[in-house]
Each structure stands twice: as structure tokens, then as C-alpha cells.
Amino acid sequence: MDQSRRTLLVGVAGVGLLGTKDSDAKPVSKQTFKTCLNAAEEGLVPGDPNIQTKTLQAAIDKAANAGLPLFLPKGDYLVGRINLPEGLTLFSYPDQAQIFLIGQESGFFASNLNSLTLSGLFISGKKAALSEERGLINGTDLKNIRIENCQLSDSNANGLHLERSGGQIFENVIEQIEATGIFSNDSHGLDIHANIVRRCNNNGIQVWRSEKGHDGSLIRSNRIELIAAKNGGTGQNGNGINLFRSGDVIVSGNMVSDCAFSAIRANSTSNVQIQNNACTKLGETAIYAEFAFDGAIISGNLIDSAVVGISATNFNEGGRLCVIQGNLVRNILKEIENRSLAIGIYAEADSTITGNTIESVRSFGILIGHGQYLRDLVVSGNLVRDADVGIGYSAQIEGCKFIISNNLLSGITGTAIQPLILSADGYSKVDTQLKEGQQIVINNVIS
């Protein structure tokens with residue numbers, strides 16, 4: 001295992017304080033603890049079939065008051081509600097200490113803390129009946145939470161639930177979650193990276209805000225897969241990564257697959273960057289900037305198999321200002337109920353679509369505008385191969401301005417560049433006279 005994964009465990013085994021002789025329990029960094037508390041020496045009994053909430057809580061409180069880490073030795077533990085105090089470091093070797101929550105009020109809870117570290121823990125909610133909007137781990141107003149190398153599973157609510165918190169969530173496995181794997185509301189500078197999130201019934205990772213504003217979270221290098229939309233809706237569920245009202249968020253380098261709706265959905269966000277993600281096998285739009293979003297960079301992503309590859313939409317709600325650049329979009333061939341348009345890239349207002357490669361699209365390689373919702377768009381330097389229509393644009397508004405130039409359109413089975421009238425029932429092709437100074441279509445290569 002990489003040495004950075006277990007920084008808390010360093011040196012403790014070497015000084016003989018953990019009471020474990022497991023051959024794979026190896027120290028992994030240069031940091032050392034002079035001493036720590038062993039929960040077994042504080043009365044916790046590994047494998048005891050009885051509930052040990054009070055014993056574990058007492059050991060946690062003692063360790064925090066002494067400023068010492070608390071080690072959980074190998075074994076199974078049944079506990080109810082555990083309150084996590086200021087400065088606590090609670091850790092074990094991965095896959096050894098297994099904590100089973102039991103009862104409706106069970107779970108780990110922390111609030112109003114400057115620091116908290118959890119490392120190497122296995123926490124299961126299989127025996128718990130958690131209320132909605134709860135998690136196996138719950139944090140409120142935490143300045144610096146650190147959850148690393150843990151496994152959270154079998155929650156009938158969320159896996160991790162945070163409110164108004166910052167810190168690092170990394171290298172965890174979160175799976176078999178009824179609602180959302182990682183849910184954060186009103187976070188500040190949260191770093192969510194290198195986690196595996198899978199088999200969640202509503203969303204993989206959600207970063208939301210109560211009101212639109214700066215968030216600054218990083219969501220990077222996670223593997224997210226098998227996300228359902230059990231609670232239904234038109235897109236609030238079924239997403240690998242779901243942003244809502246969260247400004248200045250960077251979503252990069254994630255691998256997202258097999259989601260009922262989107263790989264990455266940014267609703268009403270500002271200045272979001274969605275870059276270099278691999279998005280495959282999506283049930284609707286792979287990458288979405290929608291509703292009242294303002295400012296999005298969608299670049300360098302690989303998209304394979306969806307109904308729509310990339311969509312920057314809802315100018316009617318104020319959605320505008322997007323750069324869609326350098327993406328590879330392919331195999332956009334699916335159809336869903338009441339919607340037959342398969343589209344590689346779609347945009348409505350104040351956006352550039354440039355340098356993208358789009359291949360194998362059932363309907364439109366690129367489509368801009370819908371009805372009157374089209375303003376100031378540049379479509380330039382793209383390659384579109386094997387589509388019904390290469391580039392389509394709305395012909396239903398007077399005075400709109402756009403440029404379609406220097407694109408290569410190859411293997412188009414229908415019309416290469418087509419004005420359209422679009423409605424909820426589909427689209428119809430029309431002939432229209434382009435007006436100089438408003439609409440410019442030049443230097444495109446059609447083969």
C-alpha cells in the first residue's frame with residue numbers, strides 16, 4: 001500500500017503500543033507518535049456481541065482530553081451514537097477494526113470542531129435504521145476534518161453527511177448507500193479526492209449550498225460508478241457528481257460510469273471548472289451546466305455513451321457563459337422516453353464551442369439554441385463525424401448573433417449545417433436567409 005495512505009499509523013507499531021502482531025500492519029510514513037491509547041486497554045472488547053457504546057465513548061473522551069490518538073485493535077464492535085470531540089484522532093489498520101452501528105440514533109457525530117481525524121475504520125450501517133439526511137458519519141461546523149482510508153457501507157441514508165465544513169476526504173471506499181455517498185452542504189474548501197464511491201441509490205457525491213455563493217471545493221481523481229435514481233425526479237438524483245449553487249468548484253480527473261442520469265451535473269453554479277474527467281455509460285446528459293449557472297469551463301473530458309454529451313442550457317433561467325473546449329464525445333446514440341434528440345454538444349448563450357471531436361451521434365453533432373434562447377455563440381474548429389445533422393441552430397429568433405466557422409463535418413447522413421424550429425415534440429428543418437453581421441457561417445469543410 002502507498003505510504004501516504006496511512007500517515008496516522010506511523011511508528012506506533014514500532015514502539016509496541018498497539019498490541020497487534022499482524023504481519024501487514026506496517027508503519028508507512030516518517031511521522032511518529034510518542035504514545036497513544038489502545039481502546040482494548042480501556043475496556044473495549046473485540047468481538048463482544050454486546051453493545052459497547054459507553055466503553056468506546058469513554059475511551060474516545062479520554063484520548064481527546066489527553067491529546068493522544070486512540071487505536072482500535074482488530075475485531076468487530078457494536079455501537080450506537082458516538083460523539084467525536086475536539087482534536088480526536090481515531091484510527092485502526094484498514095479492514096481490521098469493523099464497527100457496526102445499531103439503532104436509529106446510531107452514527108458518529110461531530111460539531112463545532114477545529115480538527116478531527118478518522119483513519120482506517122470500517123463502519124457499517126447494516127444494523128442501523130438511520131433517519132433521512134443523516135449519515136454513518138455526520139459533521140457540522142468542522143474547520144478541518146480528515147477522513148482517510150476508511151470504508152463506509154450499508155447505510156439506509158447517506159454515507160458521509162457534512163454541513164458547513166472543510167477539510168479532506170480521501171482514499172475511502174463508500175458503497176451500498178441508500179441516498180448519497182458523500183453529501184456536503186455549505187462547505188468551505190472541502191477536498192474530496194481519490195475515493196471510490198459506488199452502488200449509491202440517488203447520488204455519488206453532492207456538493208450543495210443553501211444559497212448561491214462561493215464554495216471552493218475540489219472534487220478530483222475519484223472513481224464513481226453504479227449510481228441509481230431511486231427517488232426519481234428530472235435530474236436531482238442519479239448523478240455521479242451533483243453540484244447545486246456551489247461557486248468556484250473544480251471537478252477534475254474523475255472516472256464516472258453507469259449513472260442513471262449524469263456523470264457531472266452543475267445546477268445554478270458560478271465559475272465551475274469540469275476538466276479531464278472520463279464519463280461513460282450515462283442514462284441522460286453526461287456533463288450538464290444548467291439553470292442559473294454563470295461561468296463554466298468544460299474541457300478535456302472524454303464522454304462515451306449517453307443521450308447528450310455536454311449541455312450548457314437554461315438561458316431562460318439565466319444560464320450562460322461557458323467554454324466547451326477540447327472534449328472527445330462519442331457514441332451518443334441512446335434515446336429516452338419523450339425525447340428523441342441525441343446530441344453531442346448543446347449550448348444556448350454567451351459560449352464558445354471549439355476544438356472538440358464528436359463521433360457517432362444519432363441526431364446532432366452540435367446544436368445551438370432552442371426557440372428564442374440563442375445569443376452570442378461561437379462554434380469553431382470542431383470535428384464532427386458520423387451524425388445525422390452536423391451542426392444545427394435555432395432559426396426562431398431575430399437579431400441573434402453566432403458564428404459557425406472552420407469546422408470539419410464528415411460522414412453526415414443528413415444536412416451538414418441546418419437551421420431548425422425546435423419544439424417539445426422534436427424539430428423541423430427550415431430554410432432561412434442568414435443576415436450579415438448577425439449570423440456568420442463560413443469556411444466549414446464538408447466531406
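How each quantity is defined
Residues numbered from 1 in each chain as written. Predicted model: local features only at pLDDT ≥ 70, side-chain atom pairs only at ≥ 80, totals over all residues. Heavy atoms only, no water. 1 Å grid on protein atoms, 1.4 Å probe; cavity = no way out; pocket = protein on both sides within 12 Å on 5 of 7 lines; lining within 4 Å. Points joined across faces, edges and corners; volume = space filled by probe spheres on them. Helix = DSSP H or I, 4+ residues; strand = E, 2+ residues; numbered from the N terminus. Nonpolar A, V, L, I, M, F, W, Y, C, P; charged D, E, K, R; others polar. Buried < 20%, exposed > 50% of the residue type's maximum accessible area, 1.4 Å probe, protein only. Pairing = 2+ DSSP bridges. Disulfide = S-S within 2.5 Å. Contact = heavy atoms within 4.5 Å.

Trainee: What's the story with the layout of surface pockets in this structure? I'm lost.
Mentor: Estimates place the volume of the second largest pocket at around 450 Å³. Along its surface, the second largest pocket is lined by 18 residues, and Glu 133, Asn 158, Ala 179, Asn 202 and Asn 231 are the ones closest to its centre. Sorting the residues of the lining of the second largest pocket by element identifies β13 (158-163), β16 (180-185) and β19 (203-214) as the ones contributing at least two each. Among the residues forming the lining of the second largest pocket, the class breakdown is four nonpolar, 10 polar and four charged.

Trainee: Would you take a moment to explain the pairing of strand β3 (residues 75-79) for this structure?
Mentor: Here β3 lies mainly inside the structure; four of its five residues are buried. Summarising the sheet, β3 and strand β6 (residues 97-102) pair through five bridges and their orientation is parallel. If you follow Gly 75 over to β6, its bridge partner there is Ala 97.

Trainee: Honestly, unusual backbone geometry in this entry has me stumped. Any pointers?
Mentor: Note: most residues except glycine have negative phi, and most peptide bonds are trans. Phi is positive for Gln 176, close to 55°, though the residue is something other than glycine. Considering the arrangement of structural elements, one finds Gln 176 in strand β15 (residues 173-177). We classify Gln 176 as partly exposed; its relative accessible area is 38%. In this structure, Leu 226 takes a positive phi of about 60° despite not being glycine. Tracing the backbone through its elements, the reader meets Leu 226 in strand β21 (residues 223-227).

Trainee: Before we go on, may I ask you to explain the state of the cysteines in this structure?
Mentor: Structurally, a disulfide amounts to a covalent bond that connects the sulfur atoms of two cysteines. Taken as a whole, this structure holds zero disulfides when the rule is applied. Summary of cysteine pairing: Cys 279 is not part of a disulfide, and the nearest cysteine sulfur, belonging to Cys 259, is at 8.5 Å.

Trainee: Looking at this structure, how should I read the environment of Ile 287?
Mentor: Relative to the elements of secondary structure, Ile 287 occurs in strand β28 (residues 285-290). Given the relative accessible area of 0%, Ile 287 is considered buried. Residues within four places of Ile 287 in sequence aside, it is in contact with Ile 264, Ile 274, Cys 279, Ile 298, Asn 301, Ile 303, Gly 309, Ile 310 and Ser 311.

Trainee: Whenever I open this one, the pairing of strand β38 (residues 383-394) confuses me. Can you help?
Mentor: Along a regular strand, successive side chains alternate from one face of the sheet to the other. Pairing between strand β36 (residues 357-368) and β38: eight bridges, direction parallel. Paired with Glu 359 across the bridge in β38 is Arg 385. In this structure, β38 lies alongside strand β40 (residues 408-410), joined through three bridges in parallel fashion. By the bridge assignment, Leu 383 is partnered in β40 with Leu 408.

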